[in-house]
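Summary of the model geometry
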Amino acid sequence: MILTFVGTAGSGKTTLTRAFGEYLEGNGYRVSYVNLDTGAKRLPYKPDLDVRDDVTAWEIMEEGYGPNGAIVESYDRLLPRVSEYISSIMELKGRSDYVLLDTPGQMETFLFHDFGVRLMENLPEPLTVYLFSPDILRKPADFCFARFFGLMIELRLGTTTVPAMSKVDTVSNIDEYRRYLDDIEYLTARLRLEPSTQGLLAHRMCLVFPELAPPTRVLYLSSKTGEGFDDLETLAYEHYCTCGDLT
Ligand code: GDP
Ligand code: MG
């Protein structure tokens, strides 16, 4: 199985790659780790495949690029090798139960560069986990945003995408988050009370959400406590073994 962790910088992708990998290994699975972040300095896991063996954002910065330019340039340089990466990942897949892909710190690097898109389009049914941290969720419209963002990733990468709130150990009121994220009808009803144009837009978007998206479970994960890891394992299993029904 190939699992890809996607999310904004700091959402917890790298930490989860290590923690979930360790959890799987503890359960007797063979796990391979892939680092796709050219800007990573230190990794908490030992990658079996690492883009930094080919290019790092740091060495490009030494050529005079700024941090953002260097990141984009690094993927421009990796692009001609995308088929080699696909083959290497397939090879890892052949000898492991799980291949975990840790993606670039900045999510747009993966979603807006051909390297990420072509890689994902050519892997066999990878499951994408869209990680967002609880601190992006402050008002009801934010919950709508998070649910739609997961859908946009699915649209962009063409892979089944599961939304997952990370760092659940940092929130005390998890049930409140769950009520909005798990129950789109409840969220829609709540958004009806929002007087702002933003609330109105969110309300209208959430009304059509059930028509656009198959019913998908939302995951609640903590790399610190391991909470939700069993759910992620079950979901990954169902994705591969029952072909896509993730309700
Ligand atoms: P990435 O940019 O998405 O790869 O994010 P990182 O994995 O580097 O994590 C960013 C920060 O969030 C680090 O300081 C992590 O220690 C912290 N972090 C990641 N996952 C968790 C979690 O489950 N709980 C808590 N409390 N902190 C976390
Ligand atoms: Mg990272």
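The following paragraphs examine the structure supplied in this document. (Residues numbered from 1 in each chain as written. Chains lettered and ligands numbered in written order. Predicted model: local features only at pLDDT ≥ 70, side-chain atom pairs only at ≥ 80, totals over all residues. Heavy atoms only, no water.)

1. Concerning the site of ligand 1
Cut-off, in case you're wondering: Put simply, a residue is near a molecule or strand once any heavy atom of it comes within 4 Å of that molecule or strand. Two N or O atoms form a polar contact when they lie within 3.5 Å of each other; inside protein one atom must be a possible hydrogen donor and the other a possible acceptor, and for residues adjacent in sequence the pair counts only when both atoms belong to side chains. Each accessible area is a Shrake-Rupley result for a 1.4 Å probe, and residues are judged covered by the shown protein chains and nothing else. Each residue is assigned to one of three groups, with Ala, Val, Leu, Ile, Met, Phe, Trp, Tyr, Cys and Pro labelled nonpolar, Asp, Glu, Lys and Arg labelled charged, and all others, Gly among them, labelled polar.
Gly-10, Lys-13, Thr-15, Asp-169 and Ser-223 are the nearest of the 14 residues found near ligand 1. Here an oxygen atom of ligand 1 and a backbone polar atom of Ser-11 are 3.3 Å apart. Thr-15 places a side-chain nitrogen or oxygen 2.5 Å from an oxygen atom of ligand 1. If ligand 1 stood free it would expose 570 Å²; the protein chains cover 67% of that surface. For the shell around ligand 1, a count of residues per class yields one nonpolar, nine polar and four charged.

2. A look at the sheet that holds strand E2 (residues 31-35)
Selection criterion: Two strands make a pair as long as DSSP finds a minimum of two bridges between them. Here a strand is any run of E in DSSP of at least two residues, a helix any run of H or I of at least four, and the numbering for each starts at the N terminus. Whether two residues are in contact is decided by their heavy atoms, any of which lying within 4.5 Å being enough. Where helices are involved, their axes are fitted lines through C-alpha atoms of the stretch in contact, as for all axes, and angles between N-to-C directions lie from 0 to 180°.
Within the open sheet, the seven strands sit side by side as E3-E2-E4-E1-E5-E6-E7. Their pairing is parallel. Since the sheet does not close on itself, it has two edges, and those belong to strand E3 (49-50) and strand E7 (219-220), each with one partner. Relative to strand E4 (residues 98-102), E2 runs parallel, the two being bridged by five bridges. Looking at E4, one finds that Asn-35 is bridged to Asp-102. Across the sheet, helix H1 (residues 13-26) is in contact with strand E1 (2-7), E2, E4 and strand E5 (127-132); its angle to E4 comes to roughly 165°.

3. Details of the packing of aromatic side chains
In plain terms, the rule: Only centres within 6.5 Å qualify two rings of Phe, Tyr or Trp (six-membered ring in Trp) as a pair; their planes then separate them into stacked at under 30 degrees, edge-to-face at over 60, and tilted for everything else. Relative accessibility thresholds used throughout: buried, under 20% of the residue-type maximum; exposed, over 50%; partly exposed, between the two (1.4 Å probe, protein chains only). Only when the NZ of Lys or the CZ of Arg is both within 6 Å of the ring centre and within 35 degrees of the ring normal is a charge said to sit over the ring.
For the structure shown, the criterion picks out 15 aromatic pairs. On the basis of an interplanar angle of 50° and a centroid distance of 6.0 Å, the ring pair of Phe-143 and Tyr-177 is categorised as tilted. Highlighted residues: Phe-143 in helix H7 (residues 140-157) and Tyr-177 in helix H8 (residues 174-182), separated in sequence by 34 residues. Each of the two residues, Phe-143 as well as Tyr-177, counts as buried. Linked through ring pairs, Phe-20, Tyr-23, Tyr-29, Tyr-98 and Phe-229 together constitute an aromatic cluster. The ring of Trp-58 carries the charged tip of Lys-41 above its face, separated from the ring centre by 4.4 Å. If you follow Arg-156 out to its NZ or CZ, it ends over the ring of Phe-112, 5.9 Å from the centre.

4. Looking at the environment of Val-218
Relative to the elements of secondary structure, Val-218 occurs in the loop between helix H10 (197-212) and E7. Residues Val-218 and Thr-161, 57 residues apart in the sequence, show an inter-C-alpha distance of 10 Å. Residues contacting Val-218, with those up to four places away along its chain left out, are Arg-147, Pro-163, Leu-181 and Asp-182.

5. Details of the packing of H7 against helix H9 (residues 184-191)
We apply this condition: Any angle between 65 and 115 degrees counts as roughly perpendicular, while under 35 counts as roughly parallel, over 145 as roughly antiparallel, and the rest as oblique. The hand of a helix crossing depends on one turn: near helix anticlockwise from the far one by less than a right angle means left-handed, and clockwise means right-handed.
For the pair H7 and H9, the least separation of the axes is 9 Å and the interaxial angle reads 140°. What the angle tells us is that H7 and H9 run oblique. Considering how the two elements wind past one another, H7 and H9 form a crossing that is left-handed. Mapping the contact onto sequence places Pro-140, Ala-141, Phe-143, Cys-144 and Arg-147 in H7 and Ile-184, Leu-187, Arg-190 and Leu-191 in H9.

6. Things to note about H9
Put simply, the test is: Here, the arc refers to the directions that run from the helix axis to the C-beta atoms.
Considered for burial, the residues of H9 that qualify are Ile-184, Leu-187, Thr-188 and Leu-191. Looking straight down H9, one finds that the buried residues subtend no more than 100° of arc, so they occupy a single side. If you follow the buried residues of H9, they end up packed against H7, H8 and H10.

7. Things to note about unusual backbone geometry
For Glu-125, which is not glycine, the phi torsion reads 45° and is therefore positive. Positive phi, normally seen in glycine, also occurs at Lys-167, with a value near 55°. Relative to the helices and strands, Lys-167 resides in the loop between strand E6 (161-165) and H8. A relative accessible area of 30% places Lys-167 in the partly exposed class.

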